[in-house]
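# Working through the structure, step by step
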Amino acid sequence: MANKRSKPTTLPLVPLRGAILFPNALMSLEIGRPQSVEGLEAALDKDSIVFLTSQRNITTEEPLAEELYEVGTVAKVRQAMRMPDGMVRIVVEGLRRGRIKTVVQQHPFFLVRFVNVLNKPNTDAKTDDVQALLRSAWEAFEMYADLQQRFSHETLLNIKQCDDPGILSDILASHANFKTENNQLLLEETDTLLRLEKTVALLDEENAMIKLQRKIIDRVRLGMDKNQREYFLREQIKAINTELNESDENDVSSYREQIVKANLPAEAAEKLARELKRLERMSSSSPETALAKDYIECVLQLPWNEKTEDNNDLINAEKILNEDHYGLEKVKERIIEFLAVRQTAKRKDAPVLCLLGPPGVGKTSVAKSVARALGRKYVRISLGGVRDEADIRGHRKTYIGSMPGRIIAGMRQAGTANPLILLDEADKMGHDHRGNPAAALLEVLDGEQNHAFRDHYVELYFDLSDVMFVCTANTLDNMPPALIDRLEIIELGTYTAVEKYEIAVNHLIPKQLDKHGVKKTQLKFTGGAIDAAARFYTREAGVRQLERQIAKICRKFVTMRAKGICKTYTVTEYNLAKFLGVKKYKPNDKPGEPQVGICRGLAWTAAGGDTLSIEVNTMPGTGKFELTGSLGSVMKESAHAAVSYIRSRYETFKIHKNFYKDTDIHIHIPDGAVPKDGPSAGITMATAMISALTGRAVDASVAMTGEITIRGKVLPVGGLKEKILAAKQAGIQKVLVPFENEGEIGEIPAVIKDGLKLVPVRHMDDVLPEALWK
Ligand code: ADP
């Protein structure tokens, strides 16, 4: 059926630029051109109905009639607001479509005669098809709204409720941002189904376009992220740095030069290059910068290529060891042997030298001499108190205050790839929950693994296979067996008084005089002074305290000289107190009167040998057995063994049978604050107890050492040399030693044994006649 056309009507026309008003839609417009304002005013004067149509060319200021689209919209002006600049802001509502028939006038405003354009009826359309079309229109718009994110919930709801294809397409088109030409086509389309179809197609096109646009934007932004952003940020940092006048560029280029010069292994060079890049990006005020610089400097300072040439002349080595040390014949001999084997044997499974002995006996200084003899750099790493694996292997860089471990720090200090590293006090290393440092140390010492040592901080493989490691320890008791296994142990023992005297005269005094800038003609020491200094002011196995006393004398002399009190001085045993104060250790008590219940034992400590008197009191009671004086569990057990032995022989000793029931026994070892342990006081405790129980006094000139069994057998003990030395110093005349230690007695130097009667004992039956006063 053809469109039923209405009778032509005349209305003022307002031409629109780039906009089209659809029926059923509202639109706000600003009308400024005089011709348009005139037309609007004319409409407002009448019934506020106006004919709106778009001009073909939006740039034309005063369009001619032919430049207007013929199809436009009849609209009602809902609101009009006149602005001070002559513009009128209006809100218009589209009523229906109209087609211009004739332009009645053009000036002062357009006046047109038009006819209504009616929709083509779609009576033959299937409802399913219409429904499907409606649905696809809704979906397309939903997608559009989703992409645009600018429609209210109500708008979307209204659209969903509209099921008239003509009206729906008008509403959709008024909301969408279609081009004016496309909107014009939709306005001119009288077939409502076709119009909706076209609208859906345009919406789809628009959606696809928006998506593509987004993709492009994202891609552009990403590209910008990678290149430009980094560039822009770096430029910004540079600008900030210049402002702050703290440019790091000099550092960076200096590092770059050093990296090239250092001829690093590939892994290290690459790592540093990466770090440098990071550094460039950082602001100089950031704390990270200091950390990055520390790291770079640490790696650069490691001796990647520097090495010293080894001096393999063993005659020279021997000469140096002799120059630096008095005595120690066996030690020197074994070190020379060790060096000889090291030169010829395969390096990988070479054992690690371990110098074992009490403090101050020259372990450190022997190691230093070995380094000097070989022409290697010497570095000392103290392992005392190391409890954490990180101490050896470093902290990871993520850890606050991280730094390399002691091994890498030692290599940095050495500055060569083949130094001699002294691992001092290896037995003082502990372990806790933060990992076992001994395991890390084993890796360092293992020739199979140490060519690729990896510190947590440095994070690079470093070759330690050319390093010569030497350990020192006071005892092997606390060392893990796996570590002991890798060691070649050389023992250094206690010095005798004679040795101490010789060391003082030949080494300690010249060294200290030199250190204090004193000539040997200015400050002299008599033999008596040296002896007295060792005897009354020190109690040690080595000579460290003695060296300190000598240093103290030198200091005092230098002060006296500076004050003009004297120019030269001779230190004797009589004026020694002027320098060193009152005697710290009493002269050895001459063994006193024989006493009941007191017996002299001999002990071995890290500082050498010592005598200890064991006191026993007995009193009527209930058979209590008390032990005091910080005794360890082994010593306590030893006391119980002694009691058991005495009970089994009560008849022989003429002790009454039930003494263990009605007599309290108290054993005490003086120096209560010093912990004591070990089985070697067994026979001493037994003798003191028998003395107390029988009332027979003990010979005060006798000292003894030996473990006891419950049957009274005497078992061998350790540290005999030190113990005998201590006994001699204490003025003892007779020492009872376990028979099984006899072999060792032969090895003890005659100077120590001279004037002492050493009696080997197998059983308590041998001990008592020697010790108890008849
Ligand atoms: P340790 O490492 O065993 O604790 P040191 O090596 O530190 O002992 O020795 C302490 C001091 O005694 C050093 O000055 C050392 O030179 C000196 N010294 C030790 N033994 C001798 C010796 N046999 N000859 C010369 N000096 C010695």
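Basis of the calculations
Residues numbered from 1 in each chain as written. Predicted model: local features only at pLDDT ≥ 70, side-chain atom pairs only at ≥ 80, totals over all residues. Heavy atoms only, no water. Helix = DSSP H or I, 4+ residues; strand = E, 2+ residues; numbered from the N terminus. Rg over C-alpha atoms; globule rule 2.2 N^0.38 Å. Contact = heavy atoms within 4.5 Å. Areas by Shrake-Rupley, 256 points an atom, 1.4 Å probe, with all protein chains shown as cover. Near = heavy atom within 4 Å. Polar contact = N/O pair within 3.5 Å; in protein donor to acceptor, adjacent residues only side chain to side chain. 1 Å grid on protein atoms, 1.4 Å probe; cavity = no way out; pocket = protein on both sides within 12 Å on 5 of 7 lines; lining within 4 Å. Sits in = over half its atoms within 2 Å of the grid points. Nonpolar A, V, L, I, M, F, W, Y, C, P; charged D, E, K, R; others polar. Buried < 20%, exposed > 50% of the residue type's maximum accessible area, 1.4 Å probe, protein only. Arc of directions from axis to C-beta. Core = buried A, V, L, I, M, F, W, Y, C linked by side-chain atoms within 4.5 Å. Salt bridge = Lys/Arg side-chain N within 4 Å of Asp/Glu carboxyl O. Points joined across faces, edges and corners; volume = space filled by probe spheres on them. Patch = residues over 30% accessible without salt bridge, like charges linked within 9 Å, V, L, I, M, F, W, Y side chains within 5 Å.

### As for the overall build of the chain
From N to C terminus, the chain includes 28 helices and 26 strands. The C-alpha atoms of the chain give 53 Å as radius of gyration, which overshoots the globular expectation for 774 residues (28 Å, by more than 25%). C-alpha atoms of the chain, sized along the principal axes, occupy 160 × 70 × 55 Å. Across the chain, the fraction of contacts at a sequence separation of at least 24, relative to all contacts at a separation of at least 6, is 74%. Working note: accessible area of the chain is about 40,300 Å², and carbon and sulfur atoms make up 51% of it.

### Some details on the site of the ligand
Taken together, 20 residues form the shell around the ligand, and within it K363, T364, K511, R544 and E547 come nearest. The backbone of G360 places a nitrogen or oxygen atom 2.8 Å from an oxygen atom of the ligand. Contact distances for the ligand include 2.3 Å between an oxygen atom and a side-chain N or O atom of T364. Across the complex, the protein chains shield 91% of the 560 Å² of accessible surface that the ligand would expose by itself. Mapping the ligand onto the cavity grids shows that it belongs to the second largest pocket. By residue number, the principal contributor to the shell around the ligand is helix α17 (residues 497-515), which donates four residues. Its residues placed into classes, the shell around the ligand shows nine nonpolar, six polar and five charged.

### Looking at helix α28 (residues 764-771)
Here α28 has its buried residues at M764, V767, L768 and A771. For α28, the buried positions fall inside an angular range of 95° around the axis, keeping them on one side.

### A few points about the nonpolar core
Ranked by internal contacts, the top residues of the largest apolar core, which has 54 residues, are I335, V370, L523 and V571. The element that contributes the greatest number of residues to this core is helix α18 (residues 527-537), accounting for seven residues. With residues near it in sequence (within four places) discarded, V571 still touches L523, K524, F525, T526, A529, I553, L576 and F579. In this structure, L264, C354, I392 and L445 belong to the second largest nonpolar core, which totals 51 residues.

### Things to note about the pattern of salt bridges
The tally for this structure, following the rule as stated, stands at 27 salt bridges. A salt bridge links D427 to K428; the shortest N-O distance between them is 3.5 Å. Here the residues in one salt-bridge network are R97, D170 and R195, joined through shared partners.

### Some remarks on the layout of surface pockets
The volume enclosed by the second largest pocket comes to roughly 730 Å³. What lines the second largest pocket is a set of 27 residues, among which G362, T364, S365, K511 and E547 lie closest to the centre. Where the lining of the second largest pocket is concerned, the elements lending two or more residues are α12 (363-374), β12 (468-473), α17 and α19 (544-562). If you tally residues by element for the lining of the second largest pocket, the top one is α12, at five residues. Among the residues forming the lining of the second largest pocket, the class breakdown is nine nonpolar, nine polar and nine charged.

### Quick word on a nonpolar patch on the surface
On the surface, M209, L212 and I216 cluster together into a nonpolar patch covering about 290 Å² of accessible area. Within the secondary structure layout, L212 lies in helix α6 (residues 192-244). Look at L212 and you get partly exposed, because its relative accessible area is 46%.

### Section: the environment of K734
Topologically, K734 is positioned in strand β25 (residues 734-738). Classification of K734 as buried rests on a relative accessible area of 14%. A polar side-chain atom of K734 sits 2.8 Å from a polar atom in the side chain of E770.

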